[in-house]
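Okay, here's what each chain looks like letter by letter:
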Amino acid sequence: METTHLLTGHEILITCLVQAEDKVRSPYLYVPVLMPTGTTLINVKMTYDKSEACVIDLGILDSRATGFPTQAGFRGWSGGARNSFFIATDAATPGYVQGNIPDGKWQIVLGLYKVPPMGTTIHLNVMIDDSDRPLKEPVNFPTVTRSGTGWYKGDLHCHTHHSDARGTPEILHQTAQHIGLDFLSVTDHNTITQWQYFGHHSSPKLVFVQGMEITTYNGHINIFGLNNWIDFRLECDKDVDILVQAAHDQGALVSVNHDKPPLPWLHKLPSLDCMEVWQNHWLAGNEHSLKLYDQRISEGQQISLIGGSDYHQPEQFQPDSPFILGCPTTVLWLENLNQETVLEGLRCGNGYVTESPEGPHLSFTIGKVAMGNVMRVTGKVTAQIDVRGAAGDYLVWISEQGPVAKFIIPSDIWQSELPITCGNIFLRVEIQAAASHDKILNSVKEWYKDRPVPRGFELDSKQPQVIRRALSNPVYFQVS
């Protein structure tokens, strides 16, 4: 990498020649910029020949930052969503942190997502200004609680224009209220600046859980319940352990996202609290994620099964899309509703994932043992099942041995005791579309009739497609 600098007043022009071998050394390239004392605004613009084979991400660290993992100095990340940003003492581009601008060596961070074999030339135009501006630091926000024990519905994976969606936090908030969610985690990529809106607008009606999607070039992880930003710049397997420990030190939970093509988790698998088994519509390749989940818990791991829409809010409110926020919805049994009880519900796994906020209800116990818990057992058990909104579909019981029982759901409100021969490790239950199968499949095909089908969607399989409508968390067994 070579750089040239031309200083003309408060303007710095930088040219970076990036070769393919630069990415082999590190996925991140750091371009230093000396920040004068008294600066109140920095404006950065990046230009390069962007193409399918050449994609460069963009972010910045201030003079307090260290190497990985840094606990200070993060000032913003927009990935490939933007080619320019500004940071001022009183405002900033979404995804970037306003506030005091310390002097010293700042670093523009270039993420080498895709570098063509012949390399590429990146031009950076940096404008620095010291005009008088007020100082507005990010501020903390209060905790809110809704009283009442029951089932609470939420979406644990979505995005705003603070990362790579076009819509504002205000529009996403409107969407969440429209579909009737109780809690929401807005997990913009590698940034937490969305918290400044959602934290202050959290209410007993709609509780926001502080989240962030750690986005690397070898997979994505959601972290729930953070107090502070966590460094995302993973370069090797040991960095994964450092990141997970940093999350757990804050009392936060770690969940691997959409572990399936086209964005599987390729790093070392960390110790997981949760796993996003269902992302987007069921037909978006989630069969692969579910098989991985069953494999992992068959090996003795106890991981909470969750879902998330990965909804990227459009510029306009679009309530009629079949792939809106809350598809799927994660449902938790909570004593009351606030961020801490949502985290505890995710940690213990007493919940299920369903296709939408209006999707089928699915819960079960074995005796007094609820989903997510461990019990001693041998041979047959009697499960108490509660299913609503899935008449004519299949109820299928799954253990580490595969399907162990299958029933037709006889009515839209079905509460029953069922004898089940369990395995030695876990038992979970799911609703598979039968009576509803063709309607669900045809609605997706109709939506994509005049639209490009995203990668990963399975709409033209020659084999009959199993469509899940709901997935429960397991009960785990300790065999006597």
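This text goes with the structure placed above it.
What counts, and at which threshold
- Residues numbered from 1 in each chain as written.
- Predicted model: local features only at pLDDT ≥ 70, side-chain atom pairs only at ≥ 80, totals over all residues.
- Heavy atoms only, no water.
- Helix = DSSP H or I, 4+ residues; strand = E, 2+ residues; numbered from the N terminus.
- Rg over C-alpha atoms; globule rule 2.2 N^0.38 Å.
- Buried < 20%, exposed > 50% of the residue type's maximum accessible area, 1.4 Å probe, protein only.
- Contact = heavy atoms within 4.5 Å.
- Areas by Shrake-Rupley, 256 points an atom, 1.4 Å probe, with all protein chains shown as cover.
- Lys, Arg positive; Asp, Glu negative; His and termini not counted.
- Charge placed at Lys NZ, Arg CZ, Asp CG, Glu CD.
- Pairing = 2+ DSSP bridges.
- Axes fitted to C-alpha atoms, helices over the stretch in contact; angles between N-to-C directions.
- Disulfide = S-S within 2.5 Å.
- Phe/Tyr/Trp six-rings, centres within 6.5 Å; stacked < 30°, edge-to-face > 60°.
- Lys NZ or Arg CZ within 6 Å of the ring centre and 35° of its normal.
- 1 Å grid on protein atoms, 1.4 Å probe; cavity = no way out; pocket = protein on both sides within 12 Å on 5 of 7 lines; lining within 4 Å.
- Points joined across faces, edges and corners; volume = space filled by probe spheres on them.

Caption draft 1: Representation of the overall build of the protein within the structure. The secondary structure content of the protein amounts to seven helices and 31 strands. In terms of overall size, the protein behaves like a compact globule, its C-alpha atoms giving a radius of gyration of 24 Å where 480 residues would be expected to give roughly 23 Å. Overall size of the protein, expressed as C-alpha extent along the three principal axes, is 80 × 50 × 45 Å. Expressed as a percentage of its 480 residues, the buried residues of the protein come to 56%. Within the protein, contacts between residues at least 6 apart in sequence are counted, and of these 73% link residues at least 24 apart. Of the accessible surface of the protein, which amounts to about 20,300 Å², a share of 50% is contributed by carbon and sulfur atoms. With 36 positive and 51 negative side-chain charges, the protein shows a spacing of 4 Å between the two charge centroids.

Caption draft 2: A look at unusual backbone geometry. With omega at -5°, the peptide bond leading from phenylalanine 68 into proline 69 counts as cis. Looking at the secondary structure, you find proline 69 in the loop between strand 5 (55–61) and strand 6 (74–79). In this structure, the amide linkage connecting cysteine 327 to the following residue, proline 328, adopts the cis form with an omega of 10°. One can find proline 328 in the loop between strand 19 (311–312) and strand 20 (329–334). Phi is positive for asparagine 190, close to 60°, though the residue is something other than glycine. Along the chain, the position of asparagine 190 falls in the loop between strand 12 (183–184) and helix 3 (195–201). The exposure class assigned to asparagine 190 is buried, which follows from its relative accessible area of 1%. Located in the positive-phi region is asparagine 280, a residue other than glycine, with phi close to 70°. Looking at where asparagine 280 falls in the secondary structure, it is placed in the loop between strand 17 (274–279) and helix 5 (286–298). By relative accessible area, asparagine 280 is classed as partly exposed at 22%.

Caption draft 3: Representation of the sheet that holds strand 8 (residues 104–114) within the structure. Here four strands make up an open sheet; going across it, the order is 3-8-5-6 and the pairing antiparallel. The open sheet has two edge strands with one neighbour each: strand 3 (28–35) and strand 6. Recorded for the sheet is a direction-independent mean angle of 20° between the axes of neighbouring strands. Taken together, the eight bridges between strand 3 and strand 8 define a ladder with antiparallel strand orientation. Counted as the bridge partner of leucine 29 is leucine 110 from strand 8.

Caption draft 4: Molecular detail of the sheet that holds strand 17. Spatial strand order, 14-15-16-17-18: five strands in an open sheet with mixed pairing. Two strands in the sheet have a free side with no partner beyond their single neighbour: strand 14 (211–216) and strand 18 (304–308). Between one strand and the next, the sheet's axes are offset by a mean angle of 30°, whatever the strand orientation. Against the sheet, helix 5 touches strand 17 and strand 18, its axis set at about 155° to strand 17. Contacts from helix 6 (residues 339–348) reach strand 15 (219–224), strand 16 (253–256), strand 17 and strand 18 within the one sheet, and its direction differs from that of strand 18 by about 125°.

Caption draft 5: Representation of the state of the cysteines. Tallying each qualifying case throughout the model produces zero disulfides. Cysteine 348 provides the cysteine sulfur closest to cysteine 274, a residue in no disulfide bond, and the two sulfurs are 9.9 Å apart.

Caption draft 6: Highlighting the packing of aromatic side chains. For the structure shown, the criterion picks out 16 aromatic pairs. Between phenylalanine 74 and tryptophan 229 the ring centres are 4.3 Å apart and the planes differ by 10°, which places this aromatic pair in the stacked class. Separated by 155 residues along the polypeptide, phenylalanine 74 in strand 6 and tryptophan 229 in the loop between strand 15 and helix 4 (237–249) bring together distant segments of the chain. Each member of the pair, phenylalanine 74 as well as tryptophan 229, is classed as buried. Centroid distance phenylalanine 323 to tyrosine 448: 5.4 Å. Interplanar angle 25°. Geometry classified as stacked. Of the two residues, phenylalanine 323 sits in the loop between strand 19 and strand 20 while tyrosine 448 sits in the loop between helix 7 (437–447) and strand 30 (468–472), which places them 125 residues apart along the sequence. When its relative accessible area of 13% is taken as the criterion, phenylalanine 323 is described as buried. Overall, the relative accessible area of 12% leaves tyrosine 448 in the buried class. Through pairs of rings, three or more aromatic residues link up here, namely Tyr28, Phe74, Trp77, Tyr113, Tyr217, Trp229 and Phe232. Over the ring of tyrosine 217 we find lysine 23; its NZ or CZ atom is 5.9 Å from the centre of that ring.

Caption draft 7: Structural context of empty space enclosed by the protein. Enumeration according to the criterion identifies one cavity of 30 Å³ or more in this entry. Its boundaries defined by the atoms lining it, the largest cavity holds a volume of some 50 Å³. What lines the largest cavity is Gly59, Ile60, Leu61, Phe74, Gly76, Trp77, Val109, Phe232 and Arg233. Among the secondary structure elements, those contributing two or more residues to the lining of the largest cavity are strand 5 and strand 6.

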